[in-house]
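What follows is the residue order along each chain.
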Amino acid sequence: MDNRAVGVFDSGVGGLTVVKALREVLPYEDIVYIGDTARVPYGTRSPETIEQFALEVLHKLLEKEVKLVVVACNTVSATSLPQVVQAAGVPVIGVIEPTVQAALRDNQIQKIGVIGTPATIKTGIYQRKIAQMGEGVGVMAKATPLLVPIVEEGYHEHEVATVMVAEYLGAMKEAGIQALILGCTHYPALKTAIAAFLGDGVRIIDSAEPTAVAVKERLEKQGLLSDTPQATQIYFTSDSPEQSMRLAEVLLGETVKMEKIEV
Ligand code: DGL
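Sequence order as written defines the numbering, with residues in each chain counted from 1. Local features in this predicted model are restricted to residues whose pLDDT is 70 or higher, and side-chain atom pairs enter the listing and the counts only when it is 80 or higher, whereas totals over whole chains, interfaces and linings include all residues. By convention in this description, side-chain values take in all heavy atoms of the structure and omit both hydrogens and water.

Remarks on the overall build of the protein
Stated formally: To qualify as a helix, a DSSP run of H or I must reach at least 4 residues; to qualify as a strand, a run of E must reach at least 2; elements of each kind are numbered from the N terminus. The reference for a compact globule is 2.2 Å times residues^0.38; the radius of gyration itself is calculated from the C-alpha atoms. Exposed residues in this analysis have more than 50% of their type's maximum accessible area, buried residues have under 20%, and partly exposed residues fall in between, with area computed by a 1.4 Å probe over protein chains only. Should any heavy atoms of two residues lie within 4.5 Å, those residues are considered in contact. Throughout, the Shrake-Rupley method with a 1.4 Å probe supplies accessible areas, and for residues the shown protein chains are the sole cover considered. Neither His nor the chain termini are counted; the positive set is Lys and Arg, and the negative set is Asp and Glu. The atoms used to mark charge sites are NZ of Lys, CZ of Arg, CG of Asp and CD of Glu.
Across its full length, the protein carries 11 helices and 10 strands. In summary, the protein has a C-alpha radius of gyration of 17 Å against a globular reference of 18 Å for 263 residues, a match within 12%. In terms of its C-alpha atoms, the protein occupies a principal-axis envelope of roughly 50 × 40 × 35 Å. Here the protein, with 263 residues, has 52% of them falling under the buried criterion. Restricting the contact set of the protein to residue pairs at least 6 apart, pairs at least 24 apart contribute 75%. Taken as a whole, the protein presents about 11600 Å² of accessible surface, with 49% of it coming from carbon and sulfur. For the protein, the centre of its 23 positive side-chain charges and the centre of its 32 negative side-chain charges are spaced 3 Å apart.

In structure tokens form, the structure reads like this:
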């Protein structure tokens, strides 16, 4: 047993989708979350800058004495996971491998679409992992940079979301994808618009639940589960917390208190 908290970080508040799933899958675990809202988005920056930001946030999380780190950000998981693993000194779980495994669990699926930030898609990591883990499975990947600001601005249920989803996913729909991976923390907020556009036959897979299950498996394997039924969550943001509260409510499904942290 280990009652230290699980640390989770993201470029912003999008990673709260992963926290939500963690709280469901691991209700006894304390969670410390850091969202680097002062510097979001990461997904349009260079790999070097993303790595530097990720390591700075990681160190802040390690100061909170976490027992495991969840890299909730797809962009950091795609560009800098080995560097985070090397610097952490505690187990680290990224979002990409659990998400790909979840997508490939149904072996009827032979054609998968992936959307993410420009930095994530440019690494080709989803495409490579799907090729390695799902023999013969076809992949179509697309960077969808306007979806993050649409969610950030609270327009996830607005017509602008419908228009951009159709613009970005038109070719994938036409090609007959059977599943779509939402390779970005913000995209679960657009699930309704995406599902409406793609129709019932297409499975939509996001990183939150598969990542939470991967965390559970790792904690079990390493004997690190907590036995405190009164789990707590502490949320930090690097920019003014007030600005993040509204989006946090959308992503987490409840109002939470956030504190400011310097990164
Ligand atoms: N958190 C990022 C991701 O999951 C999205 C926002 C950003 O670009 O920083 O890729």
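So, the pattern of salt bridges
Defined as follows: Here a salt bridge means any side-chain nitrogen of Lys or Arg lying within 4 Å of a carboxyl oxygen belonging to Asp or Glu.
Scanning all chains against the criterion turns up 11 salt bridges. With a shortest N-O distance of 3.9 Å, Lys260 and Glu262 are connected by a salt bridge. Residue classification places Lys260 among the partly exposed residues on the basis of a relative accessible area of 47%. What makes Glu262 exposed here is its relative accessible area of 59%. Through salt bridges with shared partners, one network takes in Asp36, Arg39 and Glu56.

Considerations on the site of the ligand
Threshold: For this description, a residue counts as near a given molecule or strand if any of its non-hydrogen atoms is within 4 Å of it. For this analysis, a polar contact is any N or O atom pair within 3.5 Å, provided that within protein one partner can donate a hydrogen and the other can accept it, and provided that sequence-adjacent residues contribute only side-chain to side-chain pairs. Under the convention adopted here, Pro, Cys and the residues Ala, Val, Leu, Ile, Met, Phe, Trp and Tyr are nonpolar, Asp, Glu, Lys and Arg are charged, and Gly plus all remaining residues are polar.
Taken together, 13 residues lie around the ligand, and Asp10, Ser11, Tyr42, Thr75 and Thr185 are the ones closest in. Contact between the ligand and Asp10: a nitrogen atom at 2.7 Å from a side-chain N or O atom of the residue. At 2.6 Å from an oxygen atom of the ligand is found a main-chain nitrogen or oxygen belonging to Tyr42. Summarising the interface, the protein chains cover 99% of the accessible area of the ligand, which totals 290 Å² for the free molecule. A per-class count over the shell around the ligand returns 5 nonpolar, 7 polar and 1 charged.

Focus on the sheet that holds strand β10 (residues 258-260)
Stated formally: A pair of strands is considered paired only if DSSP assigns at least 2 bridges between the two. To obtain an axis, a line is fitted to C-alpha atoms, over the contacting stretch when the element is a helix, and the angle between two such axes runs from 0 to 180 degrees between their N-to-C directions.
Taken in spatial order, the 6 strands make up an open sheet running β4-β3-β1-β2-β9-β10, and their pairing is parallel. Single-partner strands in this sheet number two, and they are β4 (92-94) and β10. Here the strands of the sheet are splayed against their neighbours by 20° on average, with no regard to which way each runs. For strand β9 (residues 233-237) and β10, the ladder comprises 3 bridges, and the chain directions are parallel. When the sheet's bridge partners are listed, Phe236 is paired in β10 with Glu259.

Some details on the sheet that holds strand β5 (residues 111-116)
Across a sheet, strands are paired by hydrogen bonds formed along the backbone, either parallel or antiparallel in direction. Strand order across the open sheet formed by 4 strands is β6-β5-β7-β8, with parallel pairing between neighbours. Strands at the two margins of the open sheet, each flanked by one partner only, are β6 (138-143) and β8 (203-206). Between one strand axis and the next, the sheet turns through 20° on average, direction left out of account.

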